[in-house]
Amino acid sequence: VLYNGSPITFDTYNPAWYNGAIAVQDASNEIAGVPSYKISINGSTGLQATASQMFPNGHGILIRDYPVTKWYWQKQDGSTIAMQFHLHSRTSGKVQWITYYAGASTNAIFNPSTLEVYLGTLPATMQQVQVNVLQDLDELLQQLYGGPGWHKITAEDWEIVGIAMTPYDGTAAWFDQI
């Protein structure tokens, strides 16, 4: 579990990470008694709240053990919402982001080497999302490193070490039960 009501320690501001969004626990919009995180865009499009190192490298959540990830989200105004997972390979030391988004795609903040997975229309009310991160990472690794020697780079030893909650535009977005 990445978030079940205990406060998350978010990264300090870093303009290169676009992480200037404001994150606060919001009991007015909760799932099963757990306050959601309200991420306000803080007056600028493209900002997000990042917790890039929730776990130290080598101590994250192994994707092969927990391939399916769920969360709830809701969007207020705007055209895009995204949940991003910061991944680390225990074998190679490589890092990667996978972006799950609803609404309009925007390559303005998403790294071109990041897999973007479209999850449909914007959630106007709290909606549960379920994804298979292992399957999606395997697809991304094939795109980036496919061809001869592909078998040497697999999704099996990758771990989730952090997240980024991205309202992108509009007013705010809520995230819960990650």
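Residues numbered from 1 in each chain as written. Predicted model: local features only at pLDDT ≥ 70, side-chain atom pairs only at ≥ 80, totals over all residues. Heavy atoms only, no water.

**Focus: the side chain of His86**
Locating His86 in the fold gives a position in strand E6 (residues 80-89). Overall, the relative accessible area of 6% leaves His86 in the buried class. In this view, His86 contacts Ser52, Gln53, Val95, Gln96, Trp97, Glu159, Ile160, Val161, Gly162 and Ile163; residues no more than four positions away in its chain are not counted. (Helix = DSSP H or I, 4+ residues; strand = E, 2+ residues; numbered from the N terminus. Buried < 20%, exposed > 50% of the residue type's maximum accessible area, 1.4 Å probe, protein only. Contact = heavy atoms within 4.5 Å.)

**Considerations on the pattern of salt bridges**
The final tally for this structure, using the stated rule, is 3 salt bridges. Note that Glu159 is salt-bridged to Arg90, the shortest N-O span being 2.8 Å. With Glu159 in strand E10 (residues 158-166) and Arg90 in the loop between E6 and strand E7 (95-103), the pair connects residues that are 69 residues apart, well separated along the chain. Judged by relative accessible area, which is 0%, Glu159 ranks as buried. Judged by its relative accessible area of 37%, Arg90 is partly exposed. (Salt bridge = Lys/Arg side-chain N within 4 Å of Asp/Glu carboxyl O.)

**Observations concerning the nonpolar core**
If you look at soluble globular proteins, the nonpolar side chains tend to sit buried side by side. Of all hydrophobic cores here, the largest spans 37 residues; its most connected members are Trp71 and Phe175. Top contributing element to this core by residue count: helix H1 (residues 133-145), with 5 residues. Filtering out sequence-adjacent residues up to four positions away, Trp71 remains in contact with Met83, Phe85, Tyr100, Leu119, Gln127, Gln128, Val129, Val131, Phe175, Asp176, Gln177 and Ile178. (Core = buried A, V, L, I, M, F, W, Y, C linked by side-chain atoms within 4.5 Å.)

**Here's the deal with the packing of aromatic side chains**
In the structure shown here, the tally under the stated rule is 6 aromatic pairs. Consider the rings of Tyr101 and Tyr118, whose centres lie 5.4 Å apart with planes at 55°: the pair is tilted. In this pair, Tyr101 is assigned in strand E7 and Tyr118 in strand E8 (residues 115-118), connecting sequence segments 17 residues apart. Residue class for Tyr101 comes out buried when judged on its relative accessible area of 9%. Given the relative accessible area of 49%, Tyr118 is considered partly exposed. An aromatic cluster is defined as three or more aromatic residues linked by ring pairs; in this entry it consists of Trp71, Trp73, Phe85, Tyr100 and Phe175. (Phe/Tyr/Trp six-rings, centres within 6.5 Å; stacked < 30°, edge-to-face > 60°.)

Any functional reading would require information beyond the geometric quantities listed.
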